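Close look at the chain arrangement
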Amino acid sequence: TESGTQTPDAKRTGKPEHHLQATNRRTMAAYNRLSKITSQLHPDSKGVKKVDAAGRSSLTITDNRTGKQLEVAVKNGVIKAKELWKLGLRSYDPGYKNTAACTSRITYIDGAKGLLAYRGIPIEQLAEKSTFLEVSYLLMYGYLPSAKQLDSWTTSIMRHTYIPEGLKTMMKSFRHDAHPMGMVISTVSAMSTFYPEANPAFAGQKVYADKKLRNQQIHRMLGAMTSIAAYAQRHRTGRPYANPSSTKMGYTENFLYMLDKLDNNNYKPHPKLARALDVLFILHADHEQNCSASGMRHLTSSGVDVFTSVSGAASALYGPRHGGANEAVLRMLAKIGDKKNIPQFIANVKAKKERLMGFGHRVYKNYDPRARIVRKIADEVFQILGYEPLIEIAMELEKIALSDKFFVDRKLYPNVDFYSGLIYKAMGFPPDFFTVLFTIPRTAGWLAHWNEFLDDPENVIVRPRQVYLGPSGVNYADVHSRQGTPASEIDGVVTAQSRRRYAPGQP
């Protein structure tokens, strides 16, 4: 820039131009490092050449049953599974442990090195310097927004925190003890009935080809999710629903306002707690092709509306194998009870009598990069709210596990769930609300995958095949000649109330 002038970034941040240039150089260096990392996805990263002497990048498969050979092209470290059908074969991969179901440019993970990046930017940089809404924009569109774009993006999302009164009325019909995730999932699904112009079942399959309408649904879903989540929690505590703040607040700050506001309209959440939650939202925003993200793509492939797809993805997250890990950590720590009981607990884990929750990950074979950040957030939150009693047990358990050859050899390192549950508990959130706190930020990731899928020329309806192992050639039998099924296989629970109602001998 000319002497005495500033770039838009310098004006926005208030930082000197030379400081921003240095920051940009560091960012570019990070991008270059990431480029080297992504090259490890290719076979040649392990010493295998990309091409042979004839210039081919391919895999040759010999079918020993027939002697047939098949040459399959290798690109980006994968082969196309449909090529196997030329040999009359399909691949069998329960849980998709070694299957790439799509191409994506959103999130990169190197599990062996413990690296995570959104659109090429390391998660550590985003957690330190960015905000959740800025990261959401990055996930959605592939680049960080300008000052004007960020302001427009934020304004539109915050306007959509006001949800229809009909949705509120519906939420008030839930039982007082309904699980918050059940309320969130049902309410999000019901949104499809409020916006028929954005529902392919009403408006036609090409409705999302309109980018402006598509973006409107992204803003609507991100804005509404915090309100739905806050109302679910207030519903079960018997409090009236609180509208979004009339004063300008950030995304997580406004969420805490809707959760905690009583009769003081000027109430403002603690800024450091709002920032801590914002960073946790950044860390949980996306995580590649996990169960719920894959579910989002799967549902989207059918052409169903975005609200139903998000509801389905949230349903997958509701499952304890996916979204309930940090709650399981709390139960484990509470069961240990005292630091003196840790050695026996460790022995029980080695003997497979107990499970060590919050350690290890399906993808990471190193320290989860998010876990280091969460550990720092935990210290900051505890300084404000006081130390959660279970933290001493957690810290001692982490220390012992990281120094024990049994766990080190198995690459069992703390993951993001190990400390996040303790933070949520210290902030006063009930354990069954933890998955809701996971759902809010992950909505950004789901929507990014939805947006990417809609523009993917390879997108088709998801329809996996199966290996059929059932019977064949069975003839229909008359009802009187059938042996039937053992009662233990078909009997259901019968309540005392039902036994009374249908007691034998009743006239």
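Residues numbered from 1 in each chain as written. Predicted model: local features only at pLDDT ≥ 70, side-chain atom pairs only at ≥ 80, totals over all residues. Heavy atoms only, no water.

Bringing the nonpolar core into the picture now. Grouped together as the largest cluster of nonpolar side chains are 117 residues, with contacts concentrated most on Y118, F255, M332 and L397. Top element by residues in this core is helix α9 (residues 211-236). It accounts for 11 residues. Aside from chain neighbours lying at most four places away, what touches F255 is T226, A229, A230, L277, F281, F433, L437 and I440. (Core = buried A, V, L, I, M, F, W, Y, C linked by side-chain atoms within 4.5 Å. Buried < 20%, exposed > 50% of the residue type's maximum accessible area, 1.4 Å probe, protein only. Helix = DSSP H or I, 4+ residues; strand = E, 2+ residues; numbered from the N terminus. Contact = heavy atoms within 4.5 Å.)

Mapping K350 onto the fold places it in helix α15 (residues 342-350). On the accessibility criterion, K350 (36% relative accessible area) is partly exposed. The contacts of K350, once residues within four sequence positions are left out, are D404, F406 and F407.

The next subject is the pairing of strand β3 (residues 107-110). Remember that side chains alternate between the two faces of the sheet whenever the strand is regular. Burial of β3 is two-sided: the residues T107 and I109 facing one way and the residues Y108 and D110 facing the other way are all buried. In terms of strand pairing, β3 meets strand β4 (residues 115-118) through 4 bridges, oriented antiparallel. Following the sheet pairing, D110 is matched in β4 by L115. (Pairing = 2+ DSSP bridges.)

Moving on to the sheet that holds strand β5 (residues 121-122). Taken in spatial order, the 3 strands of this open sheet run β3-β4-β5, and their pairing is antiparallel. With one partner strand each, in any of the chains shown, β3 and β5 form the two edges of the open sheet.

Right, let's get into the environment of N254. Along the chain, N254 falls in helix α10 (residues 251-260). Given the relative accessible area of 2%, N254 is considered buried. Residues N254 and N243, 11 residues apart in the sequence, show an inter-C-alpha distance of 9.6 Å. Setting aside anything within four residues of it in sequence, one finds N254 in contact with M158, T161, P244, S245 and M249.

On the surface, a nonpolar cluster with roughly 420 Å² of combined accessible area is contributed by Y92, V467 and L469. Its place among the elements puts V467 in the loop between α20 (434-454) and α21 (487-490). Taking the relative accessible area as the measure of exposure, V467 reaches 54% and is therefore exposed. (Patch = residues over 30% accessible without salt bridge, like charges linked within 9 Å, V, L, I, M, F, W, Y side chains within 5 Å. Areas by Shrake-Rupley, 256 points an atom, 1.4 Å probe, with all protein chains shown as cover. Salt bridge = Lys/Arg side-chain N within 4 Å of Asp/Glu carboxyl O.)

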